[in-house]
Amino acid sequence: MSDRYQPQEVEASIYRLWEEHQAFKALDVSTKPPFSIILPPPNVTGFLHLGHALNMSIQDCLIRWKKMNGFNVLWLPGTDHAGIATQVVVEKHLQKMGLNREQLGREKFLEKVWEWKRETEDRIYSQLKRLGGALDWSRATFTLDEGVSRAVTKVFVSLYRKGLIYRGLRLVNWSGPLQSAISDLEVEFKEVKGRLYLIKYPLTDSNEHLIVATTRPETLLGDTAVCVHPKDDRYQRFIGKKVRLPLIGREISVIADESIDPQFGTGVVKVTPAHDFNDYKLGRKYNLDFINILDKMCYLNENAGIYRGLSVTEARRRIVHDLKESDLLVKEEPHIHQVGHCSRTGAVIEPLLSEQWFVKMSGLAQPARAVVESGTITLEPEAWIKTYLHWLNNIEDWCISRQLWWGHRIPAWYCQVCSHVYVDERQPGQCEKCGNNSWKQDEDVLDTWFSSALWPFTTLGWPAQTEALKTFYPTSVLVTGHDILFFWVARMIMMGLEFVKDVPFRKVYLHGLVRDDQGTKMSKSLDNSIDPIDVIEKYGADALRFNFLAHIHSGKDFQFSEERVQGYRNFINKLWNAARFVLTRVSVASFEGIHGPSLAAFDRWILQRLWEVERDVEQGLEQCRFSDAAHLLYHFVWNDFCDWYIEFSKVNWLEIAPDEKENSQKVMLFVLDRIIALLHPFIPFVTEEIFQKLPYREGQLCILQNYPTTRLDKELKNFFSSESAFEVELLKAVLHSIRQIRGENRISPAQEIGVKLRVFDEKTQKILGNYRKMLMLLGRISSLEISPEVRAKKAAVSRIVLGNSSVTVAVPLEGLVNIEEEIKRLTKAIEKAEKTLKELERRLSQEAFLKNANPEVVEHDRQQSQVLRVQIQTWTEARERLLRNEEFLV
RNA sequence: AGGGACUUAGCUCAGUUGGUAGAGCGCCACCCUUACAAGGUGGAUGUCGUCGGUUCGAAUCCGGCAGUCCCUACCA
């Protein structure tokens, strides 16, 4: 074994080992209880970033943990075609080669996208493998796979027949660059510094005019009314009259509606039902004309008269100019407002009237709300429940058609003769209305989230009632970022309830987003996104995973830092070296047959600590508190096992009889064995690599072991001993005192020192006497005196109080060090203790405290203040003697 | 505009029923003591955003204020 763990040399072969043993395979039928997670399918837009690595680290930890706990686990991989996103990426890619999709035509273009999909999917899957994902690859699914597509069509048809999907001419969010409608969720609102224009609208029957306030003067071309508040005294006399539209002269009515805020602008609003969501409602309510002035590219169309062909911004400039010329512009002022932008292209969203398909949401939302309210599905962190419910309560119908090519084609056909619309899973024969057989399928595809909403059951074979579906649905937990709670999570819940009549998962764990070390969101456009492979190659997959698991806290965003990964790489190396020590120094073949009665105190102590760690790690994982569990293990390995247990054992083994040594070595081997298993879900590669080196584990796999729990290791309790635990704590405290004196007095670790221990009771004296050699070696002591009466001159002194035992540690400093240093040290210690003591005494002197506080707290404070008094007295005396340079009883 | 948070050591963050402030990294000092220098030992560092309230006692519970962030939302 090398003295450094070399992840790049072992990770690939370890992953291969797992695959060869089919360690990730889930069984459709099994007597074991099921545990299933569907991997949120990454988009085939490009490679995975650190956010995915975080997401998958959590899932893989759960999967391996549950597997080791005896569950029949399924972690199902897949990828998402990601309609708009992928189409945009591929179009950009083609653009570089001087191609565009119109040139290629639908079929050729789709071939290109499929080509892209194959490449990126390969890359994504290899990234997941590099990260160590225990995914059942035999079940990998793509959202456009035939089975999934059939299911998507079936769901569409079914919802259509139930009247939950309808087609209609509606005002939708239109993205000019995409030439497609997008859903409300895909619109991002940004604050924009615009202008508010006040424009004169002359009355037809008088010389008066109304002044309209608008941020979008160009849309006046599509105005079909002007609206005021019915109770607005300023304008009541105009209601019902007509005004002449500036520049184009069309006559429109003045109407009144309560929705108008008289305080805003002039209190007069132009109504453009075909280009504004508020105006659309007014248009429907008052039966106004809908005049569409934009084409699919968001240029002005034939209804714009002389402005035809202009872009929206050009048109705005021209119209403002023309209004000024005609003296119709009263005023323009700066105005900050929220404007919707396309989340994919960044273009300003134009509300546009167009024929689209919608899902009626209110009926589907109700049960989805109920299952979260009732706790059938739990959200972690719970803070999201409120957000989730609020969204469902205010849900609007979902526009699911997209004017794209990449995606699930909408299963609707239009009769070319009589325009009859036919929706079915297959193309129809004769038209039931007119008897002709001339059909054209709808050109549009479905919103990518439509198929994602079905993912938990389509991946398991639905609509067929497969064994997999029976076994693994509902899935156990969904792990995903909180950014897609509405896009995905909510819709899966609706569709699962609608089509499988059960929730898609029992628990949702929402984690934060990964940010860079400056705290900004990682994104490709900012060029700050990191390929996890780069990190893995530098530090290993385990270090990256542990970094996430040790640092993820209840849904908070995660600030990535390479230094921290490096820190956990060091931890993994520490583990590696501990294992190396055990494997090279321990000569027993297995840990079987540990003989309880002859165990040393350290052995008992480490076994007890192990038991406690097993208990607490299990609790942490049960509660999805990954960082708690990770830190527990980190400190157990580094501090308890390496710093103390191995160091104690090294010395202990020098002294004891061969059979006792063997017994003790079994304990060390056992603890290492358990550590490896405990850490496996967090850092699978290094643990498996070490496991493979355990001689008695030949032919086995770490991933297939039982996870150490207090149930599995219940016999550990037989080894517990409070006296042993006390002995270990006492030794630790004495050694720490000696090292502290050494460190603070700058006595070199190479310099051996004399130490005198004054003990105040026989029991402690006996214990310390038994560990004389231990103390001397670990404390680098040349002469050690242990006695009830210890005299010293020019000595550094420290007082330990532990339970009923008390020890004074004295280190003669003559010739070693400047006495002034020690006086400073003592003074500092005394001051600190006095400060604490003062606070405790103040508290204990309050009658209210003694009366109201928990008796345990009072007792604790009493004891603690007694300890402090003893310490202060010892130190104060020592300081005086040092000053007077005389021998004293320490 | 409504909602949800967050504010703790130089940095990133823990702190689960209120009871003497913690970790990792960084920093300082001394050490290549044969598992590990990707290491060892010791050390320093915080009016827990601010003001008030409840309490014997508040980082922790309640309220006001300030700052930061996120989500939802058609304000012309």
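One can find the structure itself at the top, above this paragraph.
About the criteria used
- Residues numbered from 1 in each chain as written.
- Chains lettered and ligands numbered in written order.
- Predicted model: local features only at pLDDT ≥ 70, side-chain atom pairs only at ≥ 80, totals over all residues.
- Heavy atoms only, no water.
- Helix = DSSP H or I, 4+ residues; strand = E, 2+ residues; numbered from the N terminus.
- Contact = heavy atoms within 4.5 Å.
- Areas by Shrake-Rupley, 256 points an atom, 1.4 Å probe, with all protein chains shown as cover.
- Lys, Arg positive; Asp, Glu negative; His and termini not counted.
- Charge placed at Lys NZ, Arg CZ, Asp CG, Glu CD.
- Pairing = 2+ DSSP bridges.
- Axes fitted to C-alpha atoms, helices over the stretch in contact; angles between N-to-C directions.
- Patch = residues over 30% accessible without salt bridge, like charges linked within 9 Å, V, L, I, M, F, W, Y side chains within 5 Å.
- Salt bridge = Lys/Arg side-chain N within 4 Å of Asp/Glu carboxyl O.
- Buried < 20%, exposed > 50% of the residue type's maximum accessible area, 1.4 Å probe, protein only.
- Polar contact = N/O pair within 3.5 Å; in protein donor to acceptor, adjacent residues only side chain to side chain.
- Parallel < 35°, antiparallel > 145°, perpendicular 65-115°, else oblique.
- Left-handed = near helix turned anticlockwise from the far one by under 90°.
- Nonpolar A, V, L, I, M, F, W, Y, C, P; charged D, E, K, R; others polar.
- Near = heavy atom within 4 Å.
- Phe/Tyr/Trp six-rings, centres within 6.5 Å; stacked < 30°, edge-to-face > 60°.
- Expected span 1.5 Å × (residues − 1).
- Right-handed = clockwise from strand over helix to strand, strands pointing away.
- Core = buried A, V, L, I, M, F, W, Y, C linked by side-chain atoms within 4.5 Å.

Q: Explain the overall build of chain A residue by residue, including any values.
A: Scanning chain A from N- to C-terminus turns up 26 helices and 31 strands. Taken along its principal axes, the extent of the C-alpha atoms in chain A is 115 × 65 × 55 Å. Contacts spanning at least 24 positions in sequence make up 77% of the contacts within chain A whose residues lie at least 6 apart. For chain A, the computed accessible surface area is about 39600 Å², with 47% contributed by carbon and sulfur atoms. Placing the 115 positive and 118 negative side-chain charges of chain A at their respective mean positions leaves the two points 1 Å apart.

Q: Lay out the sheet that holds strand β23 (residues 505-511) with the relevant residues and their values.
A: Reading across from one edge, β15-β23-β22 is the order of the 3 strands in this open sheet, with parallel pairing throughout. Looking at which strands have only one partner, the edges of the open sheet turn out to be β15 (378-380) and β22 (475-481). The sheet shows a mean angle of 20 degrees between the axes of neighbouring strands, direction not considered. As defined by bridge partners, β22 adjoins β23 across 6 bridges and the pair is classed as parallel. Paired with Val 479 across the strands is Tyr 509, a residue of β23.

Q: Before we move on, can you summarise a negative patch on the surface with the specific residues and values?
A: Residues Glu 107, Glu 111, Glu 115, Glu 119 and Asp 122 make up a contiguous surface patch of negative charge. You can see Glu 111 is positioned in helix α4 (residues 101-130). For Glu 111, a relative accessible area of 48% puts it in the partly exposed group.

Q: Got a sec to walk through the side chain of Asn 55? Specific residues and values, please.
A: For Asn 55, the location among the structural elements is in helix α2 (residues 50-68). When its relative accessible area of 9% is taken as the criterion, Asn 55 is described as buried. Of the polar contacts made by the side chain of Asn 55, one reaches the backbone oxygen of Val 479; its length is 3.0 Å. Discounting chain neighbours no more than four positions away, the residues touching Asn 55 are Leu 39, Pro 40, Val 479, Thr 480 and His 511.

Q: Break down the packing of helix α17 (residues 601-622) against helix α19 (residues 658-679) for me, citing the residues and quoting the values.
A: Axis separation between α17 and α19 bottoms out at 10 Å; the angle between their running directions is 15 degrees. Put simply, α17 runs roughly parallel to α19. In this structure, α17 crosses over α19, and the sense of that crossing is left-handed. Here Asp 603, Ile 606, Leu 607, Leu 610, Val 613, Glu 614 and Val 617 of α17 come into contact with α19, specifically with Ser 664, Val 667, Phe 670, Val 671, Arg 674 and Leu 678. Partitioned by chemical class, the residues of the contact of α17 with α19 number 9 nonpolar, 1 polar and 3 charged.

Q: I'd like a description of the protein's contact with RNA strand B, backed by residues and values.
A: Arg 4, Phe 264, Asn 278, Arg 569 and Arg 585 are the nearest of the 64 residues found near RNA strand B. For RNA strand B, the backbone makes up 56% of the atoms found within 4 Å of the protein, where backbone means sugar plus phosphate. In the model, a base oxygen of RNA strand B is placed 2.9 Å from a nitrogen or oxygen of the Gln 864 side chain. Those elements that place two or more of their residues in the surface near RNA strand B are α6 (277-286), β13 (329-342), α9 (383-393), α16 (562-585), α18 (626-655), α21 (722-744), α25 (847-852) and α26 (855-884). No other element matches α16, which puts 11 residues into the surface near RNA strand B. Within the surface near RNA strand B, the residues separate by chemical class into 19 nonpolar, 24 polar and 21 charged.

Q: For the packing of aromatic side chains, give the residues involved together with the corresponding values.
A: Evaluated as defined, the whole model comprises 41 aromatic pairs. Measuring from ring centre to ring centre gives 4.9 Å for Tyr 125 and Trp 137, while their planes differ by 65 degrees; the resulting arrangement is edge-to-face. Remark: Trp 137 occurs in the loop between α4 and β4 (141-142) and Tyr 125 occurs in helix α4; sequence separation between them is 12 residues. Take Trp 137: its relative accessible area is 17%, and that puts it in the buried class. Feature note: the residues Phe 546, Tyr 568, Phe 571, Tyr 634, Trp 638 and Phe 682 constitute an aromatic cluster, connected by ring pairs.

Q: Residues and numbers for helix α15 (residues 541-549), please.
A: Burial analysis of α15 places 9 of its 9 residues in the buried class, which makes it a mostly covered element. Listed as buried for α15 are Ala 541, Asp 542, Ala 543, Leu 544, Arg 545, Phe 546, Asn 547, Phe 548 and Leu 549.

Q: Quick one: what's the story with the packing of α16 against α19, residue by residue and with numbers?
A: Between α16 and α19, the shortest axis-to-axis distance is 10 Å and the interhelical angle comes to 150 degrees. With respect to each other, α16 and α19 are oriented roughly antiparallel. Read as a crossing pair, α16 and α19 show a hand that is left-handed. Of the residues in α19, those in contact with Phe 571, Leu 575, Ala 579, Phe 581, Val 582 and Arg 585 of α16 are Gln 665, Met 668, Leu 669, Leu 672, Ile 675, Ile 676 and Leu 679.

Q: Could you give me a rundown of helix α5 (residues 146-161), with the residues and numbers involved?
A: The first and last C-alpha atoms of α5 sit 22 Å apart over 16 residues, in line with the 22 Å expected at 1.5 Å per residue. All of the buried residues in α5 are Val 148, Ser 149, Ala 151, Val 152, Thr 153, Val 155, Phe 156, Val 157 and Leu 159. Two residues or fewer after α5 comes Gly 163, characterised by a positive phi angle close to 80 degrees.

Q: Give a description of the pattern of salt bridges that names residues and reports values.
A: All chains considered together, the criterion is met by 55 salt bridges. The shortest N-O distance in the salt bridge between Glu 91 and Arg 101 comes to 3.3 Å. Residue Glu 91 is located in helix α3 (residues 83-96), and its partner Arg 101 is located in helix α4; the two are separated by 10 residues in the primary sequence. For Glu 91, a relative accessible area of 25% puts it in the partly exposed group. Of the charged contacts in the structure, one is a salt bridge between Lys 162 and Glu 498, with a shortest N-O distance of 2.4 Å. Remark: Glu 498 occurs in helix α13 (residues 485-499) and Lys 162 occurs in the loop between α5 and β5 (165-175); sequence separation between them is 336 residues. The network of salt bridges with common partners includes Arg 106, Arg 409, Lys 440 and Glu 443.

Q: I'd love a proper account of the pairing of β23, names of residues and values included.
A: Extensive coverage of β23 is indicated by the burial of 5 of its 7 residues. Of the strand pairs in this sheet, β15 and β23 are connected by 3 bridges, and their pairing is parallel. Along β23, the bridge assignment pairs Glu 380 with Tyr 509. Note on the crossover from β22 through α13 to β23: the handedness is right-handed.

Q: Tell me about unusual backbone geometry, and please be specific about residues and values.
A: Here the bond from Trp 462 into Pro 463 is cis, since omega is 10 degrees, no more than 30 degrees from zero. Positionally, Pro 463 belongs in the loop between α11 (455-458) and α12 (467-472). A cis amide bond links Tyr 473 to the next residue, Pro 474, at an omega of -5 degrees. Even without being a glycine, Arg 780 presents a positive backbone phi close to 50 degrees. With respect to the secondary-structure elements, Arg 780 resides in the loop between α23 (772-778) and β27 (781-787).

Q: Any details on the nonpolar core? Residues and values, ideally.
A: Counting residues in each nonpolar core, the largest one holds 167 residues, and the members touching the most others are Phe 641 and Phe 682. In terms of residues, this core owes the most to one element, α18, which gives 15 residues. Leave out the neighbours within four places in its chain, and Phe 641 touches Ala 578, Val 582, Ile 606, Phe 636, Ile 646, Met 668, Val 671, Leu 672 and Ile 675.

Q: Residues and numbers for the environment of Leu 469, please.
A: Relative to the helices and strands, Leu 469 resides in helix α12. Overall, Leu 469 belongs to the buried group, its relative accessible area being 5%. Along the primary structure Leu 469 and Ser 798 are separated by 329 residues, whereas in three dimensions their C-alpha atoms are 67 Å apart. Residues within four places of Leu 469 in sequence aside, it is in contact with Phe 457, Leu 460, Trp 462 and Ala 464.

Q: Requested: an account of the side chain of Glu 186, with residues and values cited.
A: Of note, Glu 186 is situated in the loop between β6 (180-182) and β7 (187-202). A polar contact of 2.9 Å, which involves the side chain of Glu 186, links it to the side chain of Arg 402. Those residues in contact with Glu 186, other than ones at most four positions away along the chain, are Ile 84, His 341, Cys 342, Ser 343, Arg 402, Asp 447 and Phe 487.

None of the figures reported here should be taken as evidence of function without further support.
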